[in-house]
Amino acid sequence: MSLSQLARCIKESATLKLNETASVLREKGEPIIHLGGGEPKSKAPMDAVINCTSLLNTGEIRYTAPDGIPALKKAIIRYTEEHYKKIVSAHNVIASGGAKQALMVLLHAILDPKEEVIFPAPYWVSYPEMVKLAGGVPVPVTAEDGSFCPTVKEITDVVSSYTKAIILNSPNNPSGAMYSKDFVQEMVEYCEKKSIYLIMDDIYNRLVFDGKSAPLCYDFAKMPLEQSKLVVINGVSKMYAMTGFRIGWAIANQFLIEAMATIQSQQTSGPSAPAQWAAVGALNGVQSSIESLRVTLENNRNVMMDRLKAFDGVRVHTPDGTFYCFPDFSAYMKDSQKLANLLLDKVRVVTVPGREFGFEGHLRLSYCGTIRDITEGLDRIKWALDPHSANELYLGDRKLVREWL
Ligand SMILES: Cc1ncc(COP(=O)(O)O)c(C=O)c1O
C-alpha cells in the first residue's frame, strides 16, 4: 500500500502506544502497574459533568463556531484575567480539541516548509512530530551540563534565519522541572526583540509543588498583544483531570487566532459541543479540585522520590510540578528502550523510555496513579535491577526468578 512521505516519517505517540499495550495486557489478566500514564486519576469536577449532561439532556447537540462557543471563550477570558492578570478579548481566544489541536493548528498557521521550531530537551514526545506534520523542522536543544534546562544562550545559539518559533513547556513533561523566572523573562524579551513566535505550553502550570508558582510569560511581555508573537497554550485536561473531554485553547493576537480558526474550521470544525460546555462548567465552577489534585500529586511525588532514594546509582532531580519524574537509570542500563521493555516484560511495570523525549538513559515515571501503584511499581523495578535484592518475587501467586542479571 502506498502512503505519503509524511505518513511514513511520523512516529506513533510512544505514550499513547504504551497506554494501549498496558490495557491489552490488563485485559488478559496481567498484573500491570502503569507508571507511564499522562492523566490524573481524579474525577472531572461536578460542575463540568452537570453542564455537559444539561446539554446532552436537550438532545440537541449541534455544530458550534469553529473557534469555540462564546460561553467558553468568556470563561477562558476570565481564567486568563484571574490567573495571568492579563486582559484579552474573544478575538484573542480559540478553543480546540485539546491543547494538542491548539498547538497543531498554531503550527499550521505559522510554519512555511523547512522553517524551524526550537524547544529544550527533554521535550514532550509530540513536539517533533507535530512540527514535522506542519512541514517544519524540529530543533531540540540539550543543555551541555546534562541538566533539564538549557541556558538562554544555548537556545539562542541555534536560532537561524529559518527559526520561526520556540516552544517552552514549564513545568515540563517529562522532567517535572520548572524554568526559572529569569529564564522565562529573558526568553520573552529575546523573542520580542527578534520577532520570533514564543509558544508557552502552560498545560501543567497550575500543578506546581513546594509553595512555588510558575513564572508567567505575560509578566515580562512589553509588546501589546495585537503586535505580539507570544502564544499561550492551555487546557482543561491536566488541571481539571478532564483528558477525555478534549478541550484546550490558545491565546494570541487576533490576526493569528483568525488564521488558526480558519484552519480548524477546515480540519475538524469547532470542538465537540458537550465537551465545550463541560469546560465552561469546570472553568466557571468550584475551583477546589485543582488544589486537591495538586496536593495529591505533591504527596505522590514525595512518595516516589523517597522510593527512588533506595536505588544505588539512580540520579533524580526532584520535580517542581506536573505528575512526572525523569530519573537517570543509565547506571543500570544505558538503552532506555531496552530497559523499559525489560521492566514491562519481566515485572509488568510500564515506564516510558527517555529516548522518546530526546534524553537517553532516563525513564519517565508518572506519579498520577495510586500510592500503591507508585510503591509497588518501584519495588518491582528495584527487584528487577538490583543484584542485591532477593532472587525471587511473587506477583500474586506467580513466582518470578531473576535470571537476567
Ligand atoms: C506538554 C504537553 N502539552 C500538551 C498536551 C496535550 O494536552 P491535551 O490533552 O489538552 O491535548 C500534553 C499532554 O500530555 C502535554 O504533556
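So, here's what we can say about the structure. Position numbers for residues count from 1 along each chain, tracking the sequence in the order it is written. At least 70 in pLDDT is required for a residue's local features to be given in this predicted model, at least 80 for side-chain atom pairs to be given and counted, and no such filter applies to totals for whole chains, interfaces and linings, which use all residues. Values shown for side chains rest on all heavy atoms present in the structure; no hydrogens or waters enter the calculation.

## Regarding the sheet that holds strand β7 (residues 230-235)
Spatially, 7 strands are ordered β2-β8-β7-β6-β5-β3-β4 in an open sheet, and the strand pairing comes out mixed. Looking at strand neighbours, the two that pair on one side only are β2 (93-96) and β4 (137-141), the edges of this open sheet. The average angle at which neighbouring strand axes cross in this sheet is 20°, direction not considered. Any two strands with at least two DSSP-identified bridges between them are counted as paired. For helices the rule is a DSSP run of H or I covering at least 4 residues; for strands it is a run of E covering at least 2, with both sets numbered from the N terminus onward. Relative to strand β8 (residues 248-251), β2 runs antiparallel, the two being bridged by 4 bridges. Residue pairing for β8: Ile 94 is matched across the bridge by Ala 250. By definition in these notes, contact holds between two residues if any of their heavy atoms fall within 4.5 Å. Axis geometry follows a simple rule: fit a line to the C-alpha atoms, using only the stretch in contact for helices, then measure angles between N-to-C directions, giving values from 0 to 180 degrees. Strands in contact with helix α4 (residues 70-84) are β2, β7 and β8; relative to β2, the strand with the most contacts, it is inclined by about 115°.

## Examining the site of the ligand
Around the ligand sit 13 residues, and of these Ala 99, Asp 201, Tyr 204, Ser 237 and Lys 238 come closest. Pairing of N or O atoms within 3.5 Å defines a polar contact, subject to two protein rules: one partner must be a possible hydrogen donor and the other a possible acceptor, and residues neighboring in sequence count only if both atoms are side-chain atoms. One of the side-chain nitrogen or oxygen atoms of Ser 237 is found 2.7 Å away from an oxygen atom of the ligand. Contact with the protein chains removes 92% of the 400 Å² of surface that the ligand exposes when unbound. Every definition here rests on a 1 Å grid over the protein atoms only: cavities are sets of points where a 1.4 Å probe fits but cannot get out, pockets are open sets enclosed by protein on both sides within 12 Å along at least five of seven lines, and lining residues have some atom within 4 Å of a point. Pocket or cavity membership: a molecule qualifies when more than half of its atoms sit within 2 Å of the grid points of that site. Of the pockets mapped on this structure, the ligand occupies the largest pocket. In terms of residue count, helix α5 (residues 98-110) provides more of the shell around the ligand than any other element does, 3 residues in total. Residue proximity to a molecule or strand is established when one non-hydrogen atom of the residue lies within 4 Å of it. In this description, accessible areas are obtained by the Shrake-Rupley approach with a 1.4 Å probe, and a residue is regarded as covered only by the protein chains that are shown.

## Thoughts on the sheet that holds strand β12 (residues 363-366)
Pairing is antiparallel in the open sheet, where 3 strands are placed in the order β9-β12-β11. Edge positions in the sheet fall to β9 (324-325) and β11 (352-353), since each of these pairs with one other strand and no more. Both β11 and β12 contribute to a ladder of 2 bridges, which runs antiparallel. Counterpart to Val 352 in the pairing with β12 is Arg 364. Lying over the sheet, helix α12 (residues 336-347) contacts β11 and β12, oriented at roughly 45° with respect to β12.

## A word on unusual backbone geometry
Cis geometry marks the peptide bond from Ala 121 to Pro 122; its omega dihedral reads 0°. With respect to the helices and strands, the residue Pro 122 is situated in the loop between β3 (116-120) and α6 (126-133). Backbone geometry places Lys 85, a non-glycine residue, at a positive phi of 55°. Remark: exposure states derive from per-residue accessible area (1.4 Å probe, protein chains only) relative to the maximum for the residue type, with buried under 20%, exposed over 50%, and partly exposed in between. Residue class for Lys 85 comes out exposed when judged on its relative accessible area of 66%. One non-glycine residue, Thr 322, lies in positive phi territory at about 70°. On the secondary structure map, Thr 322 appears in the loop between α11 (288-308) and β9. Given a relative accessible area of 0%, Thr 322 falls into the buried group.

In short, the description is geometric, and any link to function would need to be established separately.
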